[in-house]
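Breakdown of the fold
Residue strings, one per chain:
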Amino acid sequence: MNNKEQIIRVCNDFIEGADEQDLERLATALHEKFSNVQNGYFGESGVRLINRASYLEHVAKGKFGGIKRSVEFLSVDVNGDMAMVHVFLSHQYLNFDSYISLVLEQDEWKVIGNFPKIELIEQP
């Protein structure tokens, strides 16, 4: 499996782990220093940083995840032991235009950062 294939697999573990609330799969994809960075947080203004432990807790409590989203990989850029992936995720009520950053450590790619722009879709 080449780097891009490995990166896409890890991104899918991250995305699907959250969607399925599979904490083991999700935790395996996340780097110990993972951070989720949002500018605006479901109606709140301002930058919000969510560390790995809080992110996993949000998923465990159902605050994040639990809904299957469609996934479209827009780009995968690899620069040595770092990568940036642009994905578009959607489901019935939310769109996520996200940049996912990864690092390669000990021959394993891990998600170290997620930078989502979340858009609420008008509900009927």
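Below or above, wherever it landed, is the structure these notes cover. Every value quoted in this text rests on a predicted model; they were computed, and no experiment measured them. (Residues numbered from 1 in each chain as written. Predicted model: local features only at pLDDT ≥ 70, side-chain atom pairs only at ≥ 80, totals over all residues. Heavy atoms only, no water.)

Here we look at the nonpolar core
Test applied: Take the buried Ala, Val, Leu, Ile, Met, Phe, Trp, Tyr and Cys residues and link them wherever side-chain atoms come within 4.5 Å; each set so joined is a nonpolar core. When accessible area is computed with a 1.4 Å probe and restricted to protein chains, residues below 20% of their type maximum are described as buried, those above 50% as exposed, and intermediate ones as partly exposed. Secondary structure elements follow DSSP: runs of H or I no shorter than four residues count as helices, runs of E no shorter than two count as strands, and numbering proceeds from the N terminus. By definition, residues are in contact when any of their heavy atoms lie within 4.5 Å.
By size, the foremost hydrophobic cluster in this structure holds 26 residues, and its most contacted members are F14, Y55, I100 and L102. Counting only elements with at least two residues in this core, the list comes to α1 (3–19), α2 (23–29), β1 (30–41), α3 (52–60), β4 (82–90), β5 (94–105) and β6 (108–120). With six residues, the single largest contributor to this core is α1. Those residues within four positions of I100 in sequence are excluded, and the remaining contacts are C11, F14, I15, A83, M84, V85, V87, V111, G113 and N114.

Side note on a nonpolar patch on the surface
Rules: Residues enter a patch when their relative accessible area is above 30% and they make no salt bridge; the linking distance is 9 Å between like charges and 5 Å between nonpolar side chains (Val, Leu, Ile, Met, Phe, Trp, Tyr). Every accessible area reported is derived by Shrake-Rupley at a probe size of 1.4 Å, with residue values counting cover from the shown protein chains alone. What counts as a salt bridge is simple: a side-chain nitrogen of Lys or Arg found within 4 Å of a carboxyl oxygen of Asp or Glu.
On the surface, M84, Y99 and F115 cluster together into a nonpolar patch covering about 260 Å² of accessible area. With respect to the element layout, Y99 can be found in strand β5. The exposure class of Y99 is partly exposed, given its relative accessible area of 37%.

The values reported here are purely geometric and, on their own, carry no functional implication.
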